[in-house]
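Architecture at a glance
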Amino acid sequence: MNVRSATVARVTAIGAGAAVTAAIPLTFSAGGGASELDSAVPEVSPGLAPLLVIPSNAPVVAALLLAACAWFVLRRQWWQAVTMLVVPEVALVVNTWLLKPLWDRQFHDFLAYPSGHTVHMVAVATTFACLVTDRLTRVVVAVLTVLALIVITPGMAALGYHRPTDVLGGAAAAAAMSIALCWISDALRGDREPRA
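I will try to describe carefully the structure that is included in this document. Predicted model, so just to flag it, every value in this text is computed and none were measured.

The rules behind these values
- Note that residues are indexed from 1 along each chain, following the sequence as it is written.
- Given that the model is predicted, a residue must reach a pLDDT of at least 70 before its local features are reported, and side-chain atom pairs must reach 80 or more before they are shown or counted; all residues, however, enter totals for whole chains, interfaces and linings.
- Side-chain metrics rest on all non-hydrogen atoms present in the structure, leaving aside hydrogens and water.
- The numbering of helices and of strands both runs from the N terminus, where a helix is a DSSP run of H or I of at least 4 residues and a strand a run of E of at least 2.
- Here the expected length of a helix is defined as 1.5 Å per residue gap, with one fewer gap than residues.
- Three exposure classes are used, based on accessible area relative to the maximum for each residue type with a 1.4 Å probe and protein chains only: buried under 20%, partly exposed in between, and exposed over 50%.
- Each Phe, Tyr or Trp ring, with Trp reduced to its six-membered ring, pairs with another whose centre is within 6.5 Å; inter-plane angles below 30 degrees give stacked pairs, above 60 give edge-to-face pairs, and intermediate values give tilted ones.
- Look at NZ for Lys and CZ for Arg. If either is within 6 Å of the ring centre and within 35 degrees of the ring normal, a charge sits over the ring.

Describing helix H8 (residues 164-189)
- Helix length check: H8, at 26 residues, gives a terminal C-alpha distance of 37 Å against a target of 38 Å (1.5 Å per residue), a fit within 8%.
- Directly after H8, the chain includes Gly190, whose backbone phi takes a positive value near 85 degrees.

Shown next, in the form of structure tokens:
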């Protein structure tokens, strides 16, 4: 992919993620309860819910992050390994300290929008997809991430962790931040052939 096409793809993806993240709060009900969009997600059994949220659990996401870092270390791609380690953590910090207070969506006794579990999981997947050069690997990571989101969303709602829109907003925010941060990493490294 040439530089111009890569730039257009990145700007489009970052803009779309940011737009979705900013638009979802417009659907929130005035009283802070579930929105119509939240109600559209089917309910699942509370007994099944803990299994559904496993892909977003901190130990699982941390293991995936370390495995992704190892992928690059084993290939002696040191810059990618460091970028892989740093980007998801920066996205999580930005979400926790900037985005959650900005939208101030209370759920029980915590700020819920965008979902931090989702931000971390999607940031790991998106960063890895941005850094690998093999298109098939990117497609596989994208498909698995979408499937994980489909599974965790009703599970989080059933357990009372997040509303579905918190998960959707977390996915959009994570994708936008991760793509932007990987782009910055490429610029700092001086890549002449940017990855899409």
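More follows now that the structure is in view.
Here's the deal with the environment of Leu48
- You can see Leu48 is positioned in the loop between helix H2 (36-39) and helix H3 (49-52).
- The class of Leu48 is partly exposed, set by a relative accessible area of 38%.
- Taking the C-alpha atoms as reference, Leu48 lies 8.9 Å from Ala158; in sequence the two are 110 residues apart.

Overview of the packing of aromatic side chains
- Scanning the model with the defined rule gives five aromatic pairs in all.
- Considering the side-chain rings of Phe28 and Tyr113, the 5.2 Å spacing of their centres and the 80 degrees angle between planes classify their relative orientation as edge-to-face. Here the residue Phe28 occupies a position in the loop between helix H1 (3-23) and H2, and Tyr113 occupies one in the loop between strand S2 (110-111) and helix H6 (116-131), the gap between them amounting to 85 residues. Both residues of the pair, Phe28 and Tyr113, count as buried.
- Residue Tyr113 is classed as buried on the basis of its relative accessible area, which comes to 0%.
- Linked through ring pairs, Phe28, Trp103 and Tyr113 together constitute an aromatic cluster.
- Over the ring of Trp71 we find Arg75; its NZ or CZ atom is 3.7 Å from the centre of that ring.
- Taking the ring centre of Phe28 as reference, the NZ or CZ of Arg105 above it sits at 3.6 Å.

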